Amino acid sequence: MCGIVGYIGDRVALPILLNGLKRLEYRGYDSAGVAILEDLPLVFKKKGKVAELEKHIGNQKLTGSIGIGHTRWATHGEPNDVNAHPHASMNGKFVIIHNGIIENYARLRERLEARGVTFKSQTDTEVLANLIEYIYEKGQVDAELAVRLALSKVIGAYGLVVMCVGEPDKLIAARKGSPLVIGVGNEEYFIASDATPIVEYTKSVIYLNDGDVAVIKKDQLVLKTMKNDSQSPVIQELSIDIGEIDKGGYDHFMLKEIFEQPRSIQDTFRGRVRSENNEIHLGGLYEVMPRLIESKRIIIIACGTSWHAGLVGEYLFEDFARVNVEVEYASEFRYRNPIINKDDVVIAISQSGETADTLAAIRLAKENGALVLGICNVVGSSIPRETHAGVYTHAGPEIGVASTKAFTCQVTVLAMMAISIGRSKGLIDDTNYRKLIQEFNQIPEKIGEILSQSGHIKQIADKYKNSTNSLYLGRGYLFPVALEGALKLKEISYIHAEGYPAAEMKHGPIALIDQNMPVVVVATKDSSYEKIVSNIQEVKARNGQVIAVVTKGDTIIRQMADYVFEIPETETVFTPLLSVIPLQLFSYYIAVMRGCNVDQPRNLAKSVTVE
Ligand code: M6R
């Protein structure tokens, strides 16, 4: 949540910062701001999107080549110009941008106020700026020491960049719990909360670890711990390309990402699902496979869409690996008193790899001795670094706030894991194993077939764009898909939507059904087909409108439903990968028709790094 960008070098900093902020806008869009160091720091900040900030700066010539910028998702203090970052300290000697939360900010503020320090905003970040300045002035120390001493008094999480007027040749960056990446150029450095603003300038990056403090001059980077011990920076190569973070001709990132799914699933398969020798091979799990095979219990932890993928994982692990599975919201798990055994395997699923609750749940599981695995998309993010082993999804950068391709790639990884554990346990025979792998390889092409019906899905979306409520139903593997379809609709179109197991409908939600209630039923041909046909009849008997996702060629539901979206036939275990696609498109088109900002829905941010 919130985006950070910084530059130090010989180029004019402003365009680099503004460009970077636009790339980071998916992390928060309540306000945006920049500070450029000329003789003094020039700070511009504005409520709203980066475009508002650009208007505010207008044609002013800012030629400084050191600068910082921030796009905010508000935690402390309402989104307005004053609370926007960067924040200058009272005497203007420091300017800072900050992601995360300073939990003891109120006490620190009180103490500073008692010593005569005044504040302009309600933010925790301004407290930090003033604390650094106070220590710098009173302690007569240099900026780096002032930052380290101030941070030693802070409880909470931060990724921050500090600019000091008295030491205009450097930026100071520090990380604890909120990611920071430094791009290494030729006599220039780029700093950001993720790699997206950096990739067009350099592919060489250094990921800061928790507790790192970096002092960055245009031609030198010194990395230390908070305790002033020197660290050797590890330079890594980014694997993403600039094309992956552009809209590539699509109207929205979300649409591009929906259409990328055949490729992103193929990338997730690559080198792992081998049709030539009929094998699934997950290199990242090689060393822990014996423990996975022996495990009596798997606990899946995640939030949001990743939790829905986890729920599909429960069905997959039960079916193929015959192991007990519990799927937990990370935010509930970590605050309960969960029973975690040393021989449990915990699987954390996260697109961003930075979700605060998921990270906290991982730490809890590790403290209790469980083997903790990660399924993550963002390479180098916190979750892969804090788990014992794991599998990357290789979906490519997901910029749209609504998760789409990450979901199908997470399910792909879970299916690969479940099948390979089942196979290693001797629970899947040769014929079935071969059949599964062959069908798995067909999934990208079958998704392509569904995508080619987008025009039809758009037409149906037009009929339901003015709904105020809707119900999504599914059974078995398709229940998590119903939840995911409902989440997609509500988060981007603001239409209230509920996902339910179809059989639960008669225990309450059926009371909602009338002629104005669209009911989206995910009803492909599987062992509970007859049952879901009965559920559709129950809806129709009460004049509800049914939009059904059905297997191609289905004639029974076609006669009952108002509209159908067809998906190609596949193995039941792979139906979530296909049936979710029309629901993603349906939500997308409805949201666009309602004039909503689908890539940046109100109140949301791409990665939730606050608890
Ligand atoms: O990055 P993560 O997968 O850990 O994020 C989890 C949720 O915040 C995320 O899936 C959220 O629910 C999306 N907006 C859903 O589209």
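Residues numbered from 1 in each chain as written. Predicted model: local features only at pLDDT ≥ 70, side-chain atom pairs only at ≥ 80, totals over all residues. Heavy atoms only, no water.

Visitor: Provide a residue-level description of the packing of helix H9 (residues 304-321) against helix H16 (residues 478-493), including the pertinent values.
Guide: The interhelical angle for the contact between H9 and H16, taken along N-to-C directions, is 170°, at an axis separation of 9 Å. Regarding the angle of H9 to H16, the classification is roughly antiparallel. On H16, the residues that touch Gly-304, Thr-305, Trp-307, His-308, Leu-311, Val-312 and Tyr-315 of H9 are Phe-479, Pro-480, Leu-483, Glu-484, Leu-487 and Lys-488. A per-class count over the contact of H9 with H16 returns 8 nonpolar, 3 polar and 2 charged. (Axes fitted to C-alpha atoms, helices over the stretch in contact; angles between N-to-C directions. Helix = DSSP H or I, 4+ residues; strand = E, 2+ residues; numbered from the N terminus. Parallel < 35°, antiparallel > 145°, perpendicular 65-115°, else oblique. Contact = heavy atoms within 4.5 Å. Nonpolar A, V, L, I, M, F, W, Y, C, P; charged D, E, K, R; others polar.)

Visitor: A description of empty space enclosed by the protein should follow, citing residues and the corresponding values.
Guide: Within the structure shown, the criterion is met by 3 cavities of 30 Å³ or more. Computed from the structure, the largest cavity encloses a volume of approximately 110 Å³. Lining the largest cavity are 16 residues, and of these Cys-2, Trp-73, Thr-75, His-98 and Gly-100 lie nearest its centre. At the level of secondary structure, the elements contributing two or more residues to the lining of the largest cavity comprise strand S4 (66-72), strand S6 (94-99) and helix H4 (124-139). (1 Å grid on protein atoms, 1.4 Å probe; cavity = no way out; pocket = protein on both sides within 12 Å on 5 of 7 lines; lining within 4 Å. Points joined across faces, edges and corners; volume = space filled by probe spheres on them.)

Visitor: Describe the packing of helix H7 (residues 261-269) against helix H13 (residues 405-424), with residues and values.
Guide: Where H7 meets H13, the closest approach of the two axes is 9 Å, and the angle between their N-to-C directions is 30°. In the packing of H7 onto H13, the handedness of the crossing is right-handed. Of the residues in H13, those touching H7 at Gln-261, Ser-264, Ile-265, Thr-268 and Phe-269 are Lys-405, Thr-408, Cys-409, Thr-412, Val-413 and Met-416. Of the residues that constitute the contact of H7 with H13, the class distribution is 5 nonpolar, 5 polar and 1 charged. (Left-handed = near helix turned anticlockwise from the far one by under 90°.)

Visitor: Tell me about the packing of aromatic side chains, residues and numbers included.
Guide: Enumeration over the complete set of coordinates arrives at 12 aromatic pairs. Three or more aromatic residues link up through ring pairs in this structure, and these residues are Tyr-464, Tyr-563, Phe-565 and Phe-586. The positively charged end of Lys-525 is found above the aromatic ring belonging to Tyr-529, 5.3 Å away from the centroid. Sitting above the plane of the Tyr-494 ring, Arg-602 keeps its charged end 3.8 Å from the centroid. (Phe/Tyr/Trp six-rings, centres within 6.5 Å; stacked < 30°, edge-to-face > 60°. Lys NZ or Arg CZ within 6 Å of the ring centre and 35° of its normal.)

Visitor: Which residues make up the site of the ligand, and what values do they have?
Guide: What surrounds the ligand is a group of 15 residues, the closest being Ser-306, Ser-350, Ser-352, Thr-355 and Glu-491. Residue Thr-305 places a main-chain N or O atom 3.0 Å away from an oxygen atom belonging to the ligand. Between an oxygen atom of the ligand and a side-chain N or O atom of Lys-488, the distance comes to 3.0 Å. For the ligand, the accessible surface in isolation is 410 Å², of which the surrounding protein chains cover 91%. Put simply, the parts of the chain that give the shell around the ligand at least two residues each are H9 and H16. Each residue belonging to the shell around the ligand can be placed in one class, and the counts come to 5 nonpolar, 8 polar and 2 charged. (Near = heavy atom within 4 Å. Polar contact = N/O pair within 3.5 Å; in protein donor to acceptor, adjacent residues only side chain to side chain. Areas by Shrake-Rupley, 256 points an atom, 1.4 Å probe, with all protein chains shown as cover.)

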